[in-house]
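Here is what each chain is made of, one letter per residue.
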Amino acid sequence: MPCVADWLNNPFSIVQGIFAQNVPNSEWEKKVTEYFKEKLKENNATNWVPSLNDVPVHYLKPNSLVKFRCMVQDMFDPEFYMGVYETVDPNTNARVLHFGKYRDVAECGPQQEIDLNSSQTVTLERQTFYCVPVPGESAWVKEISFLPELVASQARVSPSTSYTPSRHKRSYEEDEDMDLHPSKQKEQHMGSGGEIHGCVEPKRLETEASVGHHLISPNCSPPLDLNFPLPGEKGPACLVKVYESWDSFKVNDVLEVYGILSVDPVLSIVNNEEREGSALDPMECMDTAEEQRVHSPPPSLVPRIHVILAQKLQHINPLLPACLNEEESKTFVSNFMSELSPVRAELLGFLTHALLGDSLAAEYLILHLISTVYARRDVLPLGKFTVNLSGCPRNSIFTEHIYRIIQQLVPASYRLQMTVENMNHARFIPHKDYTANRLVSGVLQLASNTSLVIDETQLEQGQLDTTGVHNVTALGNLITWQKVDYDFNYHQMEFPCNINVLITSEGRSLLPSDCQVHLQPQIIPPNMEEYMSSLLTAVLPSVLNKFRIYLSLLRLLDYSISEEVTKAVEEDFVEMRKNDPESITADDLHKTLLVARFLSLSAGQTTLSRERWLRAKQLEALRKGRLQQQKCVNGNEL
């Protein structure tokens, strides 16, 4: 029976064994998938698989099994490959069948030649996705995801597939030495007491340093743009090659893939002279030089993953089960729901302190953070809940710290500083580059459920140019319709999204919103920096994790309104219209129902009760009353 080292460190040996036993039966491919699926179901097996999110490429063994949590940034054209091919020895005329699946380069022995005219050759198709780490993924997601792997790595058969942050880059020959002396590996990971010490932060720093080094490598001239949507992003981009059911994946989907890592140096050959003598498909030479550079980047910078298993992720919170429909997950959910009330109370108190004692604003912030687009009716996205938090101090560190707190609570986020310079120069909308045949990313190419915090307090007087106007329009479309119109030069293509947008502003925002909440600070700390920083340090990590589970879990719950409650709400709305026909509109009903929905979910209730409906009406009355009290601020009517 194959041991752990076989399917982790040398998955090709497993594939070869299954292939040899089942050829010419085409069922061998299905059996490979089933084999690895069963292996990964074993106790903590997924933690044994090294992740490209955490381990730099040069620490991973080529052709080993890896995993990658990523977003599909672009789809390349499908490519043909030899699924099965035959080699022949010219001296003995001996013929051998090989599989081409999960490979970039055909395997051929020194005394063998590929018989391109063989009747045994099977040409198949695979789809290549250009994938990047989830844009704006929070540091805590990376750290929590990494720790189980670090613990599991202590018992790995071959430490060469693991990553030790404190060591320098080694050759694979040195790795073999480490295989013979696993205690060395363990000592590097563990302190004298057997505890893990300082592994997370050095790991992140070294990963980032390695990426920066590759970007300025003289091998890439000009440097290759890894096409990350957000500025300053770190981590690897990968060419993910999918063999089955690729139609179910699309641009901006978040995936977790398990596959074979390919970093063959021959893949970095980009000029035609060198390519003529290589084993790569000669038809690829018809591509433009720029397209060739983008589609066949150096594997040290953009490794390839040949996917054995892939799944769309409902969420990227490592504290939650990946799939909530499984029996074990249902137990987790029910246990957490039983203690939901104190968690909500603690979170409300925490956010109230963060919002300078404003409990009403804290209530609406919770509702905003658990909101999600749950359906679309024609073009209208249902469930979006963009909040404009007005009354924020201008040019203050307050909004920056509010974002830092949100960053600690949600799995993915980005703070967009709305300055005239950013509006005029930043690339918001992804566009198609036909020369390189790729989709050039933009700031608004974000994964579903990302929190986008737009800081309007940074806005100064100035003139928006054409780009600036387009960017502001794109933000407005994102907020109103939850879609971004990607620019394909000759036409625009709508890409629906599900982005939580929070706008912080001094007066009423220039951008549209579903709900404006005017901040009324109850405390004015003498030292804002010290006050805001102390909030996070005062929260226990276990409590912070409960907040994270709470916000992620409630977005995934189903919700319904019974016919009885629907009728009661309609009757109540009619009465409200009678009492105040001028100010109560259908839009108010929709907004109050939305508040009631998220208020119910925030309490762990998946149906609307009369109590929650009345509480939603009360919150809306308080919010509107507060806005009425405000006068004109900076020319914006509140």
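The structure under discussion appears in the preceding block.
Structural notes, computed from the coordinates. (Residues numbered from 1 in each chain as written. Predicted model: local features only at pLDDT ≥ 70, side-chain atom pairs only at ≥ 80, totals over all residues. Heavy atoms only, no water.)

## Details of the overall build of the chain
Inclusion rule: Comment: elements are numbered from the N terminus, with helices defined as DSSP H or I runs of at least four residues and strands as E runs of at least two. Any residue under 20% of the maximum accessible area for its type is buried, any over 50% is exposed, and the rest in between are partly exposed; the area is computed with a 1.4 Å probe on protein chains only. We call two residues in contact whenever any of their non-hydrogen atoms come within 4.5 Å of each other. Note on areas: these come from Shrake-Rupley sampling with a 1.4 Å probe, and a residue is covered only by the protein chains present in the view.
Counting secondary structure elements, the chain contains 21 helices and 19 strands. Burial status across the chain gives 52% buried among its 638 residues. Pairs at least 24 apart in sequence give 76% of the contacts found in the chain among residues at least 6 apart. Here the chain displays about 29400 Å² of accessible surface, and carbon together with sulfur accounts for 52% of that area.

## Some words on a nonpolar patch on the surface
As a reminder of what qualifies: Residues qualify for a patch when their relative accessible area is over 30% and they have no salt bridge, like charges being joined within 9 Å and the nonpolar side chains of Val, Leu, Ile, Met, Phe, Trp and Tyr within 5 Å. By definition here, a salt bridge exists when the distance from a side-chain nitrogen of Lys or Arg to a carboxyl oxygen of Asp or Glu is within 4 Å.
A cluster of nonpolar side chains, namely Val379, Leu380 and Trp481, defines an oily patch on the protein surface of about 270 Å² accessible area. Assignment of secondary structure puts Trp481 in helix α16 (residues 466-481).

## Description of the sheet that holds strand β12 (residues 413-417)
To be explicit about the condition: For two strands to count as paired, DSSP must find a minimum of two bridges between them. Here the axes come from fitting lines to C-alpha atoms, over the contacting stretch only for helices, and the angles between their N-to-C directions go from 0 to 180 degrees.
Across the sheet, five strands lie side by side as β12-β15-β18-β11-β19; this open sheet has parallel pairing. The sheet is open, and its two edges are formed by β12 and β19 (515-518), each paired on a single side. For this sheet, the mean inter-axis angle between neighbouring strands, taken without regard to orientation, is 20°. Alignment of strand β11 (residues 387-390) against strand β18 (residues 500-504), held across three bridges, turns out to be parallel. Note that in β18 the partner of Val387 across the bridge is Leu502. Helix-sheet contacts for helix α14 (residues 398-409) involve β12, β15 (451-455) and β18, and the interaxial angle to β12 is about 165°. Across the sheet, α16 is in contact with β12, β15 and β18; its angle to β18 comes to roughly 125°.

## Brief notes about the pattern of salt bridges
Using the criterion set out here, one finds 34 salt bridges in the structure. Among the ionic pairs, Lys101 bridges to Glu29, the shortest N-O distance being 2.9 Å. Taken together, the residues Lys101 in the loop between β3 (95-99) and β4 (113-114) and Glu29 in helix α3 (residues 28-41) connect sequence positions 72 residues apart. The class of Lys101 is buried, set by a relative accessible area of 1%. Beyond isolated ion pairs, a larger network of salt bridges with shared partners links Glu79, Asp104, Arg126 and Lys241.

## Focus on the environment of Glu291
Here is the rule we go by: Identification of polar contacts relies on pairs of N or O atoms within 3.5 Å, with a donor-acceptor requirement for protein atoms, meaning one able to donate a hydrogen and the other able to accept it, and with residues adjacent in sequence counted only if both atoms are side-chain atoms.
Tracing the chain through its elements places Glu291 in helix α10 (residues 289-295). Under the relative-accessibility criterion, Glu291 is labelled buried at 13%. For Glu291 and Asp433, which are 142 residues apart along the polypeptide, the C-alpha to C-alpha distance reads 9.6 Å. Those residues in contact with Glu291 that lie beyond four places of it in its chain are Ser296, Thr435, Ala436 and Asn437. A distance of 3.2 Å separates the side chain of Glu291 from the side chain of Asn437, its partner in a polar contact.

## A few points about the packing of helix α2 (residues 11-22) against α3
As a reminder of what qualifies: Roughly parallel covers angles under 35 degrees, roughly antiparallel covers those over 145, roughly perpendicular covers 65 to 115, and oblique covers all other angles. Less than a right angle of anticlockwise turn of the near helix away from the far helix marks a crossing as left-handed, whereas a clockwise turn marks it as right-handed. As a working rule, the residues Ala, Val, Leu, Ile, Met, Phe, Trp, Tyr, Cys and Pro are called nonpolar, Asp, Glu, Lys and Arg charged, and the rest polar, with Gly in that last group.
Interhelical geometry of α2 versus α3 gives an angle of 140° and a closest axis separation of 9 Å. Comparing their axes, α3 and α2 come out oblique. Of the two elements, α2 crosses α3, and the hand of that crossing is right-handed. Residues Pro11, Ile14, Val15, Ile18, Phe19 and Asn22 of α2 pack against Trp28, Lys31, Val32, Tyr35 and Phe36 of α3. Grouping the constituent residues of the contact of α2 with α3 by class yields nine nonpolar, one polar and one charged.

## Focus on the packing of aromatic side chains
Our working definition: The criterion for an aromatic pair is that two Phe, Tyr or Trp rings (for Trp, the six-membered ring) have centres within 6.5 Å, with stacked assigned to planes under 30 degrees apart, edge-to-face to planes over 60 apart and tilted to the rest.
As enumerated under the stated definition, the model contains 13 aromatic pairs in all. Pairing Trp28 with Phe99 gives two aromatic rings, centres 5.9 Å apart and planes at 50°, and the pair type is tilted. Here Trp28 is found in helix α3, whereas its partner Phe99 is found in strand β3, with 71 residues between them in sequence. Assessed through its relative accessible area of 4%, Trp28 is described here as buried. Seen from their ring centres, Tyr102 and Tyr243 are 5.3 Å apart, and the 65° between their planes marks the pair as edge-to-face. Of this pair, Tyr102 sits in the loop between β3 and β4 while Tyr243 sits in the loop between β6 (238-242) and β7 (254-262); the two residues are 141 residues apart in sequence, bridging distant segments of the chain.

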